[in-house]
Amino acid sequence: RAAATYLQSELTSATIPETSEGTRLPVAPELKLDLNARYEFPLGNWEGFLQGNVSYVGDRTIDIRDTEAALIGTLPDYTIVDASMGISQNGLSIS
């Protein structure tokens, strides 16, 4: 499975003090990606699985106000990779 989000969030008016029209909204990344893969297989009397996940979150601003945003900067983009494995049988699952 895969999912992607592109978000273009910005101020449409600058009624908040120290803000500018067109400023990106804080803590809202423009890009977020998720990928998940799972493989299931028989393992004796059990059902086994291997699973992997990768998530990417783009950089984000921290503050909507111009001065503070310039001083603080942005939260950097990051990627998280997860892996898991397990077995199950008759309602019992170990992972």
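Now for a look at the structure at hand. (Residues numbered from 1 in each chain as written. Predicted model: local features only at pLDDT ≥ 70, side-chain atom pairs only at ≥ 80, totals over all residues. Heavy atoms only, no water.)

**A short note on the overall build of the chain**
Phase 1 of the analysis: Secondary structure summary: the chain contains 1 helix and 7 strands in total.
Phase 2 of the analysis: The linear arrangement of helices and strands in the chain, starting from the amino end, is β-β-β-β-α-β-β-β.
Phase 3 of the analysis: Relative to its length of 95 residues, the chain is extended, with a C-alpha radius of gyration of 21 Å against a globular reference of 12 Å.
Phase 4 of the analysis: When burial is assessed residue by residue, the chain has 19% of its 95 residues classed as buried. (Helix = DSSP H or I, 4+ residues; strand = E, 2+ residues; numbered from the N terminus. Rg over C-alpha atoms; globule rule 2.2 N^0.38 Å. Buried < 20%, exposed > 50% of the residue type's maximum accessible area, 1.4 Å probe, protein only.)

**Topic: the sheet that holds strand β6 (residues 78-89)**
Phase 1 of the analysis: The 5 strands lie next to each other as β1-β2-β3-β6-β7, forming an open sheet whose pairing is antiparallel. The open sheet has two free edges, formed respectively by β1 (2-6) and β7 (92-94), since each of these has just one partner strand. Sheet twist, expressed as the average angle between the axes of neighbouring strands with direction ignored, equals 15 degrees.
Phase 2 of the analysis: One ladder, built from 12 bridges, connects strand β2 (residues 31-43) with strand β3 (residues 46-57); its direction is antiparallel. (Pairing = 2+ DSSP bridges. Axes fitted to C-alpha atoms, helices over the stretch in contact; angles between N-to-C directions.)

**Some points on unusual backbone geometry**
Phase 1 of the analysis: Although it is not a glycine, Glu-18 sits at a positive phi angle of roughly 65 degrees.
Phase 2 of the analysis: Looking at the element boundaries, Glu-18 is found in the loop between β1 and β2.
Phase 3 of the analysis: Of note in the backbone geometry, Val-27 takes a positive phi value of approximately 60 degrees without being a glycine.
Phase 4 of the analysis: As for its placement among the helices and strands, Val-27 is situated in the loop between β1 and β2.

Interpretation note: all reported values are geometric properties and have no functional meaning in isolation.
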